[in-house]
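# Examining the three-dimensional arrangement
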Amino acid sequence: MAQQAEPRQTVTETESWRDRATLTGDWGGVRTELQEKGFTIDSRLSQFYQGQVSGEGGNGWKYGGKLDLQLRTDLAKLGFWEGASFTIKGEYNFGQSLNGVGGVIAPVNSALYFPGIDGSDAYDISSFYFGQKVNEELSLLVGKINMIDLAASKPFMGGAGIDGFWNITFVAPPSGLVPPYLLGAIMSYKTDAANYGLWIYDPQDVVNRSGLEDAFSEGFTLRANVDIPVNIGGLPGHQGFTALYSTFDGTNLEDPGLELPELPAGTPNTKSERYYFAYTFDQTLFQRGGKSKEGMGVFGQIGVSDGNPTRLYWSALAGISGRGMILPGRTDDNWGVGVYYDAISPHLIDAVAPQLKVTDESGIEFFYNWAITPNINLGADLQVINPGLSSEQSVFLGTRLVIQF
């Protein structure tokens, strides 16, 4: 499981804006004073200009953006017990996106897909959860948790659609059983031999709502994972296994009387219980010594589900990414190339065949981010996708500007 990202480091007001981690600096000492009292504030503006240059629909270019603000509180500094924390994060999306166009199923811009845009609710409190670090091995999160953020620090992947890949497949690979924002509890246990995770959560998506109003009314989901550190040639890597089981009802895709959209849970046309298994890996291939962050590595994942009622039958992805190493002197730039294949449930394909042709989807993505300063990043992205809902190949180009305040 991906670990929580560390709070961004603040810097002194005397440093130039070109050298400090945040554009607005230390706010005349206020930021440092707040941290000493237990409050860490992170804010970021991400802007996107993305175009569909070929494919079904001729959707042209769209501009959109995301503003996010996170407050993390060290409750021990406020008089509570040691290791306790509280995190709350708000997100606001604006403009337009190309998600869902050209017959492409996987969102091509993850940052703008959640919490919504283009007629959906464009803002949400995407996280509000308590954390408890019991000791160096055991920690716990309880509340509404943004899974896109939780996956952001996965080695060579993640990035929340802001710091790395854009496509959801590489940001937070879909399983059909983990909502983008969930309500539940996540336990992590670290040992020298392996890291273990156990989650229990409401299977209902809590994007644009708290989830407290009908928590666990539709069942529950259990997720267990083990992540094993593996060093090859003295370089770090991981091998991981994940298993999920859910009691959440879904439409029985083998039912001959199936009609779209999905029928309400509890009707005769529903099927209870679903599962998912995955194997993941990452491996560093090169790592420059000293203080340099330059390096590169490979990553991959293979997942399989029941295929009924889960609509994604199996999926596979692989790629390579790194920092520096491409352009001379550009040691803080990061880049990546990834490919994926999503096999749609054959039961779903058969069920909707009279009305809609659905096929497997595959694609490739390349991104490169130029670190203009430590607080301003300019990126470029290319995605070539064979869509699941169209026979025409879609090509997307985009640029991204991220400013850390």
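The preceding data block contains the structure.
Calculation notes
Residues numbered from 1 in each chain as written. Predicted model: local features only at pLDDT ≥ 70, side-chain atom pairs only at ≥ 80, totals over all residues. Heavy atoms only, no water. 1 Å grid on protein atoms, 1.4 Å probe; cavity = no way out; pocket = protein on both sides within 12 Å on 5 of 7 lines; lining within 4 Å. Points joined across faces, edges and corners; volume = space filled by probe spheres on them. Phe/Tyr/Trp six-rings, centres within 6.5 Å; stacked < 30°, edge-to-face > 60°. Helix = DSSP H or I, 4+ residues; strand = E, 2+ residues; numbered from the N terminus. Buried < 20%, exposed > 50% of the residue type's maximum accessible area, 1.4 Å probe, protein only. Lys NZ or Arg CZ within 6 Å of the ring centre and 35° of its normal. Salt bridge = Lys/Arg side-chain N within 4 Å of Asp/Glu carboxyl O.

Tallying each qualifying case throughout the model produces two cavities of 30 Å³ or more. Volume-wise, the largest cavity comes out at about 100 Å³. Taken together, 14 residues make up the lining of the largest cavity; nearest its centre are Lys66, Glu91, Ile148, Asp149 and Ala160.

On to the packing of aromatic side chains. The full count for this structure, using the stated rule, is 19 aromatic pairs. For the ring pair phenylalanine 48 and tryptophan 166, a centre distance of 5.3 Å and an interplane angle of 85° mean the geometry is edge-to-face. Taken together, the residues span a long stretch of sequence, with phenylalanine 48 in strand β1 (residues 39–54) and tryptophan 166 in the loop between α3 (147–150) and α4 (168–171) at a distance of 118 residues. Judged by its relative accessible area of 2%, phenylalanine 48 falls in the buried class. A relative accessible area of 1% places tryptophan 166 in the buried class. Plain terms: the ring middles of tyrosine 368 and tryptophan 370 are 4.7 Å apart, the flat faces sit at 55° to each other, and that makes the pair tilted. Judged by its relative accessible area of 5%, tyrosine 368 falls in the buried class. Here the aromatic cluster, defined as three or more aromatic residues joined through ring pairs, consists of Phe165, Phe170, Phe299, Tyr340 and Phe367. Arginine 223 extends its terminal NZ or CZ atom over the ring of tryptophan 199, reaching a point 4.0 Å from the ring centre.

Now for the pattern of salt bridges. For the structure shown, the criterion picks out 12 salt bridges. The salt bridge involving arginine 44 is made with aspartate 68; its shortest N-O contact spans 3.2 Å. Highlighted residues: arginine 44 in strand β1 and aspartate 68 in strand β2 (residues 60–74), separated in sequence by 24 residues. When sorted by exposure, arginine 44 lands in the same class as aspartate 68, which is buried. Linking aspartate 333 and arginine 330 is a salt bridge whose minimum nitrogen-to-oxygen distance equals 2.9 Å. Overall, the relative accessible area of 0% leaves aspartate 333 in the buried class. Judged by its relative accessible area of 29%, arginine 330 is partly exposed. Each of Lys66, Lys89, Glu91 and Asp149 takes part in salt bridges that share partners, so that together they form one network.

This part covers unusual backbone geometry. Following phenylalanine 114, the chain continues into proline 115 via a peptide bond in cis, with omega recorded as 5°. The residue proline 115 is located in the loop between α2 (110–113) and β4 (123–133) in this model. The phi dihedral of alanine 160 is positive, around 60°, even though this residue is not glycine. Within the secondary structure, alanine 160 sits in the loop between α3 and α4. Alanine 160 gets classed as buried once you look at its relative accessible area, which sits at 8%. Look at methionine 325: it is not a glycine, yet its phi comes out positive at around 75°. Within the secondary structure, methionine 325 is located in the loop between β14 (312–323) and β15 (334–344).

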